[in-house]
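Spelled out from the first residue to the last, the chains are:
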Amino acid sequence: MNRFPVVNSIIIFCFGILAESYFKFITDKTIFVIGTLLIVSTIIFLIKKFPFKIKILNPLIYTIIFLMGALHFGLDKNDTVSYPFNTARLKNAAVFGKVKSVELPQKNKLKFLLSVDSIHTQKGKIKRKFNLLCNLKELSNRKQNAILQKIRIGNSIKISGSIYKPRNRRNPGEFNYEEYLNRNDIAALLSFGRKDSLSLIEEEPNLYNIVADARFEINRIFKELNNEKASGFLKGILLADRGEIDFSTREKFVNAGVVHILAVSGLHVGFIVLIFIVISSRFNLYIRSAITIIGLLAFLIITNSPASVVRASIMGVTLIITFLLNRKFNSYNALAIAALIILIIDPMELFNPGFQLSFSAVLSIVAIYPIFSRGIYKFGIKNQWINKLLLFFSVSLAAQIGTLPFTILYFNKLSIIALFANLIVIPLVAIIVSTGIVTLIFYPISKWIAGVYAYANDVLVSWLHYFVNFAGGTSISHINIFQFSILDALIFYTLIILGFYLYRSLLSPKAKVLFIILLSLNFALLIQLDNSKLLPDNKLSIMAIDIGQGDATLIKFQNNQTALVDAGNATKSFDNGEMVIYPLLQRLEIDSIDYGFITHVDADHYRGFFSLFKKGIIKKLYKPVLDRSLNKDLRLDSLIRAEKIPLKYYHNDIISFGNVRLYVLNDSTSLKTMNLSTNDKSGIFKIEYGETSFLLTGDAGFKIEKYLVNKFNKFLNSDVLKVGHHGSKHSTSKGFLDAVNPKMSFISAGVINRFNHPTPEVISLLESRDIEIHRTDLSGAIIYQSDGEQIEFINWRE
């Protein structure tokens, strides 16, 4: 390992960062710094006095590097970023601060980062410093352009709007947006509505505006010359801004195993190097090298310096310098130098998926590709094109081996067509990148020529999207893997490293094949060790899914059948069925819902079902009897029948799921004569398993509660009550609560919702009876499990 001194150092430095991140053992920074300096002084003394014992210095040097990594992370994160207010939303706030950065504009949208100095509310002035991400939506072109002139980097501004806490992990396995923002030193979000205002207080020149203006101009050229799809794609792969590549498109790229091309990376850096070498070909070697390095640095700045570009640029510059100095280039040390520079600038990059994917891919190519290439040359294939194809295939395979654990951890998918898809996509993207750069070069010379290249890119991007939609849109393109942990990733890399060293000692081809098979079988066996199910078999599990203001309750019965009671709302901007419930079902490895129940026809209860209908995962559906006076009910009924989903209307019924019984307590046909509201027509269900029971009440109000008490009386008695109508004051009467007499209750409501659910009256009533309360607006998803004898509340966050 003496050949790779920087590699040794960066590995130990990273372990120091990880150790401090997880164990936080640095408590007194001052003492730690002094101790480190003393150790360094001791090392210097030993080198001078006892040179013959130089070998004993290695452990001391590595200890110092480890501690420096821990110290660097500890000092960098001395002030932990978190949401600065007690309430989840601060309405009608006037915020004063300086603009730190501005994202590229999207259609009718703007985002910028504000360094807050003070906030003015109706209660007075709050002096607090933190970074605020401002989201401005529904802007006309005129208003967007006017605001862009005011929010130049360095300007002091005043902006009004609502400050709110970022969404954290509300349901099992969800992306923690709050944690992501906090790691990027962003503490809160601001929403800017039509009635809110933004005003400039003071302009201040800032060099960063030169970079921002260049990025804006490149974006403007793409928007002027290219169609919407192509300009959004080019913005993503050349300016590292994927804001206009929609969720569905990204999913297709993930499924096809080509999502890496959406990140600005070494591929793009390679073309930048090639272009500058061609441009400067008339100059001598030193001038050409200088121009290429300057071009690389310019590209690095223009792309906002993502880890992948920093890594590729540092390696490129190192390669050029070693070539000029007539020294041998060492890929491992160059890669380690790049990592060290990035981590010294920001140790949090170690936890950035882009950093992890970029470095693991390149390291794997450097280590594994030579083995593949030697094997290909040993076959002695005479056709050069087949040789080149196999070598290209080997590079792609090597990169995918290295990134496999991170790909599964972050995307929960393993693409089985990735190798084939990359053979098509990488060359096509290379042409698109080159054509995009040529478009930019010709734009100031001739808009007509630039327009020709832009049109060519429109065609190329449409071909790319067609291929990716075809390849990634099929169910056979990928395998969903949700039981994959950090421990599994460590096992994978341990076996890869072990295999890397042992494989070279095997001489027989049969021994090598057998070794690979045994290694694979060991991996398949070992990764099962920590697998577990959040909703286990042979138990009744009831989960109140956090879908904001609305209802969605998932039930897994003791015989593994499933039911979904309501599915939340779906709007143009956010579909709970598509964005929350379906991904959750995938993570829970639930392929279909045996019974869907729409309690009543209110948007926050049934619209989320639409996307689930289209996916074909709802096998049977129950709902209230059709109300022909409601257009929304007619449309819903028509849609259900168009999707050919078996439909039943509520009537007094008992549905058995193994040893679990579900009682439907309201006959919506007989209730027609009672002139009930939509809420009071809600499906009411009692679920019994052994000695335990649950009562789900939809949006039932006082009128239907009284009817249920008179009809069922003591049969309503249940251990757990789903509180009606999100805790509204028009629900959960004293008489009804007397009949149910629950030990526990749960409420599904949105964070700081406009209805102020749950109401203080309902909370006080539940507390006065010592009923345990769980709320989705406070805790996220709520899970109960029953073995037939007792009910356990599951803290899924642990």
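This text gives an overview of the structure that appears in the document. For every chain, the first residue of the written sequence is number 1, and numbering continues from 1 along that sequence. Residue-level local features of this predicted model are given only where pLDDT is at least 70; pairs of side-chain atoms are given and counted only at 80 or more, and the full residue set underlies all totals for whole chains, interfaces and linings. Hydrogens are left out, water is left out, and the side-chain values use all remaining heavy atoms of the structure.

**What to know about the overall build of the chain**
To keep it simple, the criterion reads: Runs of E in the DSSP output that reach at least two residues are strands. Runs of H or I that reach at least four are helices, and both are numbered from the N terminus. The globule rule is 2.2 Å times the number of residues to the power 0.38, and the radius of gyration it is compared with is taken over C-alpha atoms. Buried means the residue's accessible area, taken with a 1.4 Å probe over protein chains only, is under 20% of the maximum for its type, while exposed means over 50%, and partly exposed covers the values in between. Throughout, a contact is declared for two residues whenever any of their heavy atoms are within 4.5 Å. Only the protein chains shown count as cover for residues, and all accessible areas are computed by the Shrake-Rupley method using a 1.4 Å probe. Neither His nor the chain termini are counted; the positive set is Lys and Arg, and the negative set is Asp and Glu. Working definition for charges: the position is that of NZ of Lys, CZ of Arg, CG of Asp or CD of Glu.
If you tally the helices and strands in the chain, you get 26 helices and 23 strands. For 798 residues, the compact-globule estimate of 2.2 N^0.38 gives 28 Å, and the chain sits close to it at 30 Å. Overall size of the chain, expressed as C-alpha extent along the three principal axes, is 95 × 70 × 65 Å. Counting over 798 residues, the chain shows a buried share of 49%. Within the chain, contacts between residues separated by at least 24 positions form 70% of all contacts whose residues are at least 6 apart in sequence. Summed over all atoms, the accessible surface of the chain reaches about 40,400 Å², with 60% contributed by carbon and sulfur. One finds the centroid of the 88 positive side-chain charges in the chain at a distance of 8 Å from the centroid of its 61 negative side-chain charges.

**Quick word on the sheet that holds strand β22 (residues 782-786)**
The cut-off we apply is this: Two strands make a pair as long as DSSP finds a minimum of two bridges between them. Lines fitted to C-alpha atoms define the axes, with helix axes restricted to the stretch in contact, and inter-axis angles between N-to-C directions lie between 0 and 180 degrees.
Within the open sheet, the eight strands sit side by side as β14-β13-β12-β11-β10-β9-β22-β23. Their pairing is mixed. Strand pairing shows two members of the sheet lacking a second neighbour, β14 (647-649) and β23 (791-794), which therefore form its edges. Ignoring strand direction, the axes of neighbouring strands in this sheet form an average angle of 20 degrees. Alignment of strand β9 (residues 540-544) against β22, held across five bridges, turns out to be antiparallel. Note that in β22 the partner of Ser541 across the bridge is Gln785.

**Considering the packing of helix α7 (residues 228-239) against helix α16 (residues 447-472)**
Operational definition: For classification purposes, an angle smaller than 35 degrees is called roughly parallel, one larger than 145 roughly antiparallel, one from 65 to 115 roughly perpendicular, and anything else oblique. All amino acids are sorted into three groups, where Ala, Val, Leu, Ile, Met, Phe, Trp, Tyr, Cys and Pro are nonpolar, Asp, Glu, Lys and Arg are charged, and the leftover types, Gly among them, are polar.
Running from N to C, α7 and α16 point in directions that differ by 85 degrees, and their axes come no closer than 9 Å. Classified by the angle their axes make, α7 and α16 are roughly perpendicular. Every residue of α16 that contacts α7 at Lys229, Ala230, Phe233 and Leu234 is listed here: Asn457, Asp458, Val461, Leu464 and His465. A per-class count over the contact of α7 with α16 returns five nonpolar, two polar and two charged.

**Some remarks on the side chain of Asp637**
Note the threshold: Within 3.5 Å is the distance limit for a polar contact, defined as a pair of N or O atoms, with the added protein rule that one can donate a hydrogen and the other accept it, and that residues adjacent in sequence qualify only through two side-chain atoms.
Position of Asp637 relative to the elements: it lies in helix α22 (residues 631-642). The exposure class assigned to Asp637 is buried, which follows from its relative accessible area of 5%. Among the polar contacts listed, one links the side chain of Asp637 to the side chain of Tyr649, at a separation of 3.2 Å. In this view, Asp637 contacts Lys623, Leu626, Leu647 and Tyr649; residues no more than four positions away in its chain are not counted.

**With respect to empty space enclosed by the protein**
Note the following rule: Grid points spaced at 1 Å and placed over the protein atoms alone form the basis of the search, with a cavity being a set where a 1.4 Å probe fits but cannot get out and a pocket an open set showing protein on both sides within 12 Å along at least five of seven lines. Lining residues have an atom within 4 Å of a point. Grid points are joined across faces, edges and corners, and a volume is the space filled by probe spheres set on the points.
One pass over the full model with this rule turns up two cavities of 30 Å³ or more. The calculated volume of the largest cavity comes to roughly 70 Å³. Lining of the largest cavity is provided by His600, Val601, Pro624, Val625, Asp627, Leu630, Asp633, Thr678 and Lys681. The computed volume of the second largest cavity comes to approximately 60 Å³. Asp551, Thr553, Val565, Asp566, Thr599, Gly683, Phe685, Leu696, Thr697, Gly698 and Lys722 are the residues that line the second largest cavity. Each residue belonging to the lining of the second largest cavity can be placed in one class, and the counts come to three nonpolar, five polar and three charged.

**Examining the pattern of salt bridges**
When the charged atoms of two side chains with opposite charge come close together, those side chains can pair. The following threshold applies: A pair is scored as a salt bridge if a Lys or Arg side-chain nitrogen falls within 4 Å of a carboxyl oxygen belonging to Asp or Glu.
Taken as a whole and judged by the stated rule, the model has 26 salt bridges. The closest approach of N and O atoms between Glu174 and Arg167, which form a salt bridge, is 3.3 Å. The residue Arg220 makes a salt bridge to Glu224 at a minimum N-O spacing of 2.8 Å. Taken together, the residues span about one helical turn, with Arg220 and Glu224 both in helix α6 (residues 208-225) at a distance of four residues. For Arg220, a relative accessible area of 37% gives the class partly exposed. Owing to a relative accessible area of 39%, Glu224 belongs among the partly exposed residues under this scheme.

**Observations regarding unusual backbone geometry**
Going from His757 to Pro758, the amide bond is cis rather than trans, its omega being -10 degrees. You can see Pro758 is positioned in the loop between β20 (744-747) and α25 (760-768). With a phi angle near 55 degrees, Asn412 is a residue other than glycine that sits in the positive phi range. Topologically, Asn412 is positioned in the loop between α14 (384-411) and β7 (413-415). Taking the relative accessible area as the measure of exposure, Asn412 reaches 19% and is therefore buried.

**Section: a negative patch on the surface**
Put simply, the rule reads: The patch calculation keeps residues exceeding 30% relative accessible area without a salt bridge and links them within 9 Å when they carry like charges or within 5 Å when they are nonpolar (Val, Leu, Ile, Met, Phe, Trp, Tyr).
Among the surface-exposed residues, Glu691, Asp787, Glu789 and Glu792 lie close enough to one another that they form a single negatively charged patch. Within the fold, Asp787 resides in the loop between β22 and β23. Looking at Asp787, the relative accessible area reads 36%, which means it is partly exposed.

**So, the pairing of strand β4 (residues 156-164)**
Most of β4 is tucked away: seven of the nine residues are buried. Taken together, the eight bridges between strand β1 (residues 89-102) and β4 define a ladder with antiparallel strand orientation. Paired with Ala93 across the bridge in β4 is Gly161. Bridging between β4 and strand β6 (residues 198-202) involves four bridges; their strand directions are antiparallel. Bridge pairing in β6 links Ile157 to Leu200.

**Some details on the packing of aromatic side chains**
Quick note on the threshold: Each pair of aromatic rings taken from Phe, Tyr and Trp, with Trp reduced to its six-membered ring, is defined by centres within 6.5 Å and is described as stacked if the planes are under 30 degrees apart, edge-to-face if over 60, and tilted in the remaining cases.
Throughout the structure, instances matching the rule amount to 29 aromatic pairs. Ring centres of Phe85 and Phe130 lie 5.8 Å apart, and the angle between their planes is 85 degrees; this geometry places the pair in the edge-to-face category. Pair noted here: Phe85 is in the loop between α3 (57-76) and β1 and Phe130 is in strand β3 (residues 124-136), with a separation of 45 residues, a long-range link. For Phe85, a relative accessible area of 11% puts it in the buried group. A relative accessible area of 9% places Phe130 in the buried class. Measuring from ring centre to ring centre gives 5.4 Å for Phe492 and Phe523, while their planes differ by 70 degrees; the resulting arrangement is edge-to-face. Linking Phe492 in helix α17 (residues 486-503) with Phe523 in helix α18 (residues 509-526), this pair joins segments that are 31 residues apart in sequence. For Phe492, a relative accessible area of 8% puts it in the buried group.

**What about the nonpolar core?**
Going by this rule: Put simply, buried Ala, Val, Leu, Ile, Met, Phe, Trp, Tyr and Cys residues joined by side-chain atoms within 4.5 Å make one nonpolar core.
By size, the foremost hydrophobic cluster in this structure holds 71 residues, and its most contacted members are Phe233, Phe253, Leu343, Phe355, Val425, Ile432 and Leu464. For Phe355, the contacting residues outside a window of four places in its chain are Ala307, Ala339, Ile342, Leu343, Glu349 and Leu350. In this structure, Met543, Ile545, Phe609 and Ile783 belong to the second largest nonpolar core, which totals 32 residues.

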